[in-house]
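Summary of the model geometry
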Amino acid sequence: SQVYWIGQISGLIGLIDNHNISGEDISKLYVDGAEDKENYRAIREHVLVGLSKHNNIALVVPGHPRLGVTIVQEFEKLAKDSQIDLTVYPGISSFDAMINDIGLDPLEEGTCIVDANRLILFNYTMDTALNYYIYHVCSIGNTKTDYLAPQTRNRVSFLKEKLLQHYSEDHNAVLLSAVTQVGEQPDKILGTVGDLDSLFQKVSFKHSLFIPQITPDRSRINWEFLKLI
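Keep in mind it's a predicted model, so treat the numbers as computed, not measured. (Residues numbered from 1 in each chain as written. Predicted model: local features only at pLDDT ≥ 70, side-chain atom pairs only at ≥ 80, totals over all residues. Heavy atoms only, no water.)

Considering the pattern of salt bridges
All told, the structure shown has 11 salt bridges when counted by the stated rule. Here Arg66 ties to Glu76 by a salt bridge, and the two come within 2.6 Å at their closest N and O atoms. Taken together, the residues Arg66 in the loop between β3 (57-60) and α3 (70-80) and Glu76 in helix α3 connect sequence positions 10 residues apart. Here Asp187 makes a salt bridge to Lys206, at a shortest N to O gap of 3.4 Å. (Salt bridge = Lys/Arg side-chain N within 4 Å of Asp/Glu carboxyl O. Helix = DSSP H or I, 4+ residues; strand = E, 2+ residues; numbered from the N terminus.)

Written out as structure tokens, the structure reads:
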């Protein structure tokens, strides 16, 4: 068996050492400034080489594999066209960590999780009565992996223009990060929609953008339903 991992994953090295399993950090294959698709191709090919040598391969990535982890989709496509047996196991997502860090029940006020590029591309209509967690705000309109300096080619103006269609300039916008290591503290960097350019000078690949809800007007209340509950 062989374990590959990408990024910093607390406790993993000790775990594989205790079970006498071979492991390798392949984070170096995710090259800063390279095309997203090229990085994923390099990771995919490296794992395939490992499959020629080992019966079982585990690829471990931070977070939940169903929440914006593109490499999982890459391997699912590959498995459909080959004899590879693929099992995807759940993990603790950044969303889980962030709602815990800010003490917010996503059901209590309603919550929307959305990718920044899809929000802009498809011009989704936003419901300001919901809290929004906007992912991948470090690579807006950019196919490069500028994780060391995401400000380089991050086209924040497109997201700002979209948000101003629904929110006032002074509406709060918060960069949140999930804790990934013991002793680390989550980021809660406060700004406003109108000053998104300044706020995003502090953005990194670990951040998502939180846009808090606007309390719904009483005119939206279904009074007949309210009587039942």
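A few points about the pairing of strand β5 (residues 131-135)
Most of β5 sits out of view: five of its five residues are buried. Bridge count for strand β4 (residues 111-115) against β5 is five bridges, and the pairing is parallel. Pairing of Val114 across the sheet is with Ile134, part of β5. Where the polypeptide runs from β4 across helix α5 (residues 116-121) and back to β5, its parallel neighbour, the crossover connection is right-handed. Here β5 pairs with strand β8 (residues 207-211) via three bridges, running antiparallel. Across the sheet, the residue bridging to Tyr132 is Ile211, located in β8. (Buried < 20%, exposed > 50% of the residue type's maximum accessible area, 1.4 Å probe, protein only. Pairing = 2+ DSSP bridges. Right-handed = clockwise from strand over helix to strand, strands pointing away.)

Some words on the packing of aromatic side chains
The tally for this structure, following the rule as stated, stands at six aromatic pairs. Here Tyr30 and Tyr40 contribute two aromatic rings whose centre-to-centre distance is 6.2 Å and whose plane-to-plane angle is 50°, an arrangement assigned as tilted. A residue pair is termed long-range when its members are at least 10 positions apart, and Tyr30 in the loop between β2 (22-25) and α2 (36-51) and Tyr40 in helix α2 qualify at 10 residues. Judged on exposure class, the residue Tyr30 and its partner Tyr40 are both buried. An angle of 75° between the planes, with centres 6.1 Å apart, marks the rings of Tyr147 and Phe205 as edge-to-face. Linking Tyr147 in the loop between β5 and α6 (156-163) with Phe205 in the loop between α7 (196-199) and β8, this pair joins segments that are 58 residues apart in sequence. (Phe/Tyr/Trp six-rings, centres within 6.5 Å; stacked < 30°, edge-to-face > 60°.)

Fair warning: the whole summary comes from geometry, so function is off the table for now.
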